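Residue-level listing of the chains:
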Amino acid sequence: MRGHGSNPFKAGLVLEQAVSDGLAQLGVEHRHTPHRGEEDVRDCLDLIIWPAGGRPVLEIQLTLRPKHVTKIFGFAFRALTTATRGIRLYIEVVGSHRRSADLAAIGRRVAEAINTIIHRFRDFG
């Protein structure tokens, strides 16, 4: 997204909202954490999902930054040093970095992937 005057930070927020909207359309019970809120900053969480059937909660962080070591380590550190509510997933969304990238469409695809994880995987070992 660099070089086009766009802000990757803002794009990440747009993606989070697009994923949340996609999850709502799929009927997935979830909560999008407030930007700069305690869960976002302290726990490194963007989405909290409650799967049906009493399965553990999924705590998700999304990023548009592939292999961003500082962000990955921060997420892992917070997972190890805070009380866990459920299964933590770090999702790197690697898509087009062109100005014309359709973040709404990408968000729907990510929501569909999360929905697949919820319904196909029961044991994360």
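As the structure is a prediction and not an experimental result, all values here were calculated from the model. (Residues numbered from 1 in each chain as written. Predicted model: local features only at pLDDT ≥ 70, side-chain atom pairs only at ≥ 80, totals over all residues. Heavy atoms only, no water.)

Draft legend 1. The confidence of the model for the protein chain, seen in detail. Per-chain confidence: the protein chain averages 79 in pLDDT, with 76% of residues scoring 70 or above. Confidence, read as mean pLDDT per element, is least for helix H2 (residues 38-41) in the protein chain (64) and greatest for helix H4 (residues 103-120) (91). Counting contacts from residues 1-5, a segment whose pLDDT is below 50, to residues more than four positions away or on other chains yields six contacts. (pLDDT = per-residue confidence, 0-100. Helix = DSSP H or I, 4+ residues; strand = E, 2+ residues; numbered from the N terminus. Contact = heavy atoms within 4.5 Å.)

Draft legend 2. How the structure looks around the pattern of salt bridges. Scanning the entire structure with this criterion turns up one salt bridge. Glu59 serves as the salt-bridge partner of Arg88, at 3.4 Å between the closest nitrogen and oxygen. Taken together, the residues Arg88 in strand E4 (residues 86-92) and Glu59 in strand E3 (residues 57-63) connect sequence positions 29 residues apart. Note on Glu59: relative accessible area 1%, which makes it buried. (Salt bridge = Lys/Arg side-chain N within 4 Å of Asp/Glu carboxyl O. Buried < 20%, exposed > 50% of the residue type's maximum accessible area, 1.4 Å probe, protein only.)

Draft legend 3. Region of the structure containing the environment of Gln17. In this fold, Gln17 is placed in helix H1 (residues 8-25). Taking the C-alpha atoms as reference points, Gln17 and Leu47, separated by 30 residues in sequence, lie 9.7 Å from one another. Polar contacts involving the side chain of Gln17 include one to the side chain of His32, which spans 3.4 Å. (Polar contact = N/O pair within 3.5 Å; in protein donor to acceptor, adjacent residues only side chain to side chain.)

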